[in-house]
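# Architecture at a glance
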Amino acid sequence: QQQVKQSPQSLIVQKGGISIINCAYENTAFDYFPWYQQFPGKGPALLIAIRPDVSEKKEGRFTISFNKSAKQFSLHIMDSQPGDSATYFCAASIGLNYGQNFVFGPGTRLSVLP
Amino acid sequence: GAGVSQSPSNKVTEKGKDVELRCDPISGHTALYWYRQSLGQGLEFLIYFQGNSAPDKSGLPSDRFSAERTGGSVSTLTIQRTQQEDSAVYLCASSFGGRNGELFFGEGSRLTVL
């Protein structure tokens, strides 16, 4: 119940296309859903995040869509660029009395072809 | 420093040796996390420190793994009697704590056990 499932494992998109990565969870106690972006040799960095009281959040070319009833959320990258080529991790967080802990999906390796 | 600092960046050791990995979190961050990332894999939670609370050790894979955080700042992850399956990148992250906080990751320590 602590798992976050993520698909696809890898994704190849042409420059200018739309990249879509999907995640699903079981534990309804999760209350915060961030996406992290990781370039080779670097640590992950926060890209965008959403709370379950919102169905969509957009920041530039990046949009999170959240479906609370289905316990699913997805990342859409519009006008994908070669510089977006990276590994993307969805995550879910449980607020604790003293802080929070995170569960990460297995990651999606995105390649954007020029 | 401005970010999370980890050392060493690379460590090659022989099977059976002990290793120590160090993490310097961002100043003022009360929460500190250790994750393990095997080649091409996701982020496996190891341990979480939050302020003066007892650490959440639920992710440590065996009793060969331990971690401490001194003075609420620097953390050391120790792996005793290393095995080849311990080879991975060990990532440290810190945050301000509380709910819905952003994790700031270091670049990781790559451990290779021969």
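The present account deals with the structure reproduced in this document.

A count of helical and extended segments in chain B gives zero helices and ten strands. Across chain B, helices and strands are ordered from the amino to the carboxyl terminus as β-β-β-β-β-β-β-β-β-β. If one aligns the C-alpha atoms of chain B with their principal axes, the spans along those axes are about 40 × 25 × 25 Å. Out of the 114 residues in chain B, the part that is buried amounts to 49%. Put simply, chain B shows about 5500 Å² of open surface, and 44% of that area lies on carbon and sulfur atoms. Averaging the positions of the 11 positive and the 12 negative side-chain charges in chain B gives two centres separated by 2 Å.

Each side of the interface is counted separately: chain A has 22 residues, and chain B has 22 residues. Inspection of the chain A/chain B interface yields one salt bridge. Among the salt bridges present, the one from E107 of chain B reaches K42 of chain A, with a minimum N-O distance of 2.9 Å. Scanning the region where chain A abuts chain B turns up four residue pairs in polar contact (both at pLDDT 80 or more). Mapped onto the side of chain A that touches chain B, the elements with two or more residues apiece are β4 (33–38), β9 (86–96) and β10 (99–104) of chain A. A per-element tally of the side of chain A that touches chain B places β10 of chain A first, with five residues. Across the side of chain A that touches chain B, the residue classes tally to ten nonpolar, eight polar and four charged.

Time to look at the sheet that holds strand β1 (residues 4–7) of chain A. All names here are of chain A. As summarised here, the arrangement of the five strands in space is β1-β3-β8-β7-β6, forming an open sheet in which the pairing is antiparallel. Both edges of this open sheet fall to β1 and β6 (56–59), since each of them pairs with a single strand only. Taking the axes of each pair of neighbouring strands and ignoring which way they run, one obtains an average angle of 15 degrees across the sheet. Pairing of β1 with strand β3 (residues 19–25), which is carried by four bridges, proceeds in the antiparallel orientation.

With that settled, consider the state of the cysteines. Enumeration over the complete set of coordinates arrives at two disulfides over all chains. Bridging C23 of chain A to C90 of chain A, the disulfide has an S-S length of 1.9 Å. For the disulfide bridge between C23 of chain A and C90 of chain A, the dihedral angle about the S-S bond is near -100 degrees, and by the sign convention the bridge is left-handed. Placement of C23 of chain A in strand β3 and of C90 of chain A in strand β9 is noted, with a sequence separation of 67 residues between them. Of the two residues, C23 of chain A and C90 of chain A, both sit in the buried class. Covalently, C23 of chain B is tied to C92 of chain B through a disulfide, its sulfur atoms 1.9 Å apart. A torsion of -65 degrees about the S-S bond marks the disulfide between C23 of chain B and C92 of chain B as left-handed. With C23 of chain B in strand β3 (residues 19–24) and C92 of chain B in strand β8 (residues 88–95), the pair connects residues that are 69 residues apart, well separated along the chain.

Calculation criteria
- Residues numbered from 1 in each chain as written.
- Chains lettered and ligands numbered in written order.
- Predicted model: local features only at pLDDT ≥ 70, side-chain atom pairs only at ≥ 80, totals over all residues.
- Heavy atoms only, no water.
- Helix = DSSP H or I, 4+ residues; strand = E, 2+ residues; numbered from the N terminus.
- Buried < 20%, exposed > 50% of the residue type's maximum accessible area, 1.4 Å probe, protein only.
- Areas by Shrake-Rupley, 256 points an atom, 1.4 Å probe, with all protein chains shown as cover.
- Lys, Arg positive; Asp, Glu negative; His and termini not counted.
- Charge placed at Lys NZ, Arg CZ, Asp CG, Glu CD.
- Contact = heavy atoms within 4.5 Å.
- Salt bridge = Lys/Arg side-chain N within 4 Å of Asp/Glu carboxyl O.
- Polar contact = N/O pair within 3.5 Å; in protein donor to acceptor, adjacent residues only side chain to side chain.
- Nonpolar A, V, L, I, M, F, W, Y, C, P; charged D, E, K, R; others polar.
- Pairing = 2+ DSSP bridges.
- Axes fitted to C-alpha atoms, helices over the stretch in contact; angles between N-to-C directions.
- Disulfide = S-S within 2.5 Å.

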